[in-house]
Amino acid sequence: MTLRVFELSQDSAMWPRINGSFNAAHKWGLPGLAGCPGCGVTWASSGHQYPAVDLSNLPAQSEFLKARPEPFEEFARLRELVRPLAPPGALLPPGTLFGPLVGTASGRFADFETQGSMLLVVRREALERLQVEGVRGLVGCKTELRFRQKDPPELLELQLEPRGQLHPDCYPPELPPPCDTCGRFKLTLPDEPILDAASLPTDRDVFRVGNFATVMVGTERFKEAVQRLGLEGITFRELPTR
Ligand SMILES: [Zn+2]
């Protein structure tokens, strides 16, 4: 049976009934890379974030508080400090983020809330209902959002790990392979992305595309559970697979 998958996006049609917003960032992060010795590029990734990874017991945690580019040796040293705390096999490119979302929030929130295509936040009660429905791989992480209003919602961030790949038919044929040193892959997202069916995970219902981590994906099981429960805040666009 072919796995059907859907890109998850903010449902902007709900505004102004739903007008929640936050001004927040993850507590820790790997630095960006300043002038890769392999490809020469200064860069940081987007969409690689692990809110369940807690760096607070790391003696060097203060070195992860400030976003900045670092030379490769320093970036690699810091990455090795984090690796034992990250999920096995995580790529941890420059700019990978860790820990809770910290900041302020206000307004009326739907069951799901996104910040651009960067992260997916869910109300605790919605997450629990999805778990009862058998949706797999939901890792809800505490946020540190300060609300000014009374009785604020309890918002959790879903840890969406990169899995699966865009299908190579999405790439221009002359595209150079990823950099051997830093892993940078200069790929632009096509308007009609196609996913590589054989690469898709079978153990979870929400994830990010492994080589394009700003694309958040849910399986048909996830979509059906969200719709059955009448949860609001995200839209679904089917992504073809090949
Ligand atoms: Zn490089």
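Scroll up for the structure.
Residues numbered from 1 in each chain as written. Predicted model: local features only at pLDDT ≥ 70, side-chain atom pairs only at ≥ 80, totals over all residues. Heavy atoms only, no water.

**Some words on the side chain of Asp205**
Item 1. On the secondary structure map, Asp205 appears in the loop between β12 (162–163) and β13 (206–209).
Item 2. Under the relative-accessibility criterion, Asp205 is labelled buried at 1%.
Item 3. In this structure the side chain of Asp205 is engaged in a polar contact, spanning 2.7 Å, whose partner is the side chain of Thr219.
Item 4. At 3.3 Å, the side chain of Asp205 and the side chain of Arg221 are in polar contact.
Item 5. Not counting residues up to four positions away in its chain, the partners in contact with Asp205 are Gly134, Val135, Arg136, Val217, Gly218, Thr219, Arg221 and Phe222. (Helix = DSSP H or I, 4+ residues; strand = E, 2+ residues; numbered from the N terminus. Buried < 20%, exposed > 50% of the residue type's maximum accessible area, 1.4 Å probe, protein only. Polar contact = N/O pair within 3.5 Å; in protein donor to acceptor, adjacent residues only side chain to side chain. Contact = heavy atoms within 4.5 Å.)

**Brief notes about unusual backbone geometry**
Glycine aside, a negative phi is what most residues show, and trans is what most peptide bonds show.
Item 1. Following Trp15, the chain continues to Pro16 via a peptide bond in cis, the omega torsion being 5°.
Item 2. Within the fold, Pro16 resides in the loop between β1 (5–10) and β2 (21–29).
Item 3. The backbone phi angle of Leu92 is positive, close to 50°, even though this residue is not glycine.
Item 4. In this fold, Leu92 is placed in the loop between α1 (72–82) and β6 (97–106).
Item 5. Positive phi is not limited to glycine here, since Asp151 has a value of about 50°.
Item 6. In this fold, Asp151 is placed in the loop between β10 (144–147) and β11 (155–158).

**Focus on the packing of aromatic side chains**
Within a pair of aromatic rings, the relevant descriptors are the distance that separates the centres and the angle that separates the planes.
Item 1. Counted under the stated rule, the structure contains 8 aromatic pairs.
Item 2. On the basis of an interplanar angle of 80° and a centroid distance of 5.3 Å, the ring pair of Tyr171 and Phe185 is categorised as edge-to-face. In this pair, Tyr171 is assigned in the loop between β12 and β13 and Phe185 in the loop between β12 and β13, connecting sequence segments 14 residues apart.
Item 3. Here the aromatic residues Phe6, Phe112, Phe222 and Phe236 are joined through ring pairs into a cluster of three or more.
Item 4. A cation over a ring is seen here: Lys223 above Phe6, with NZ or CZ 4.9 Å from the ring centre. (Phe/Tyr/Trp six-rings, centres within 6.5 Å; stacked < 30°, edge-to-face > 60°. Lys NZ or Arg CZ within 6 Å of the ring centre and 35° of its normal.)

In short, the description is geometric, and any link to function would need to be established separately.
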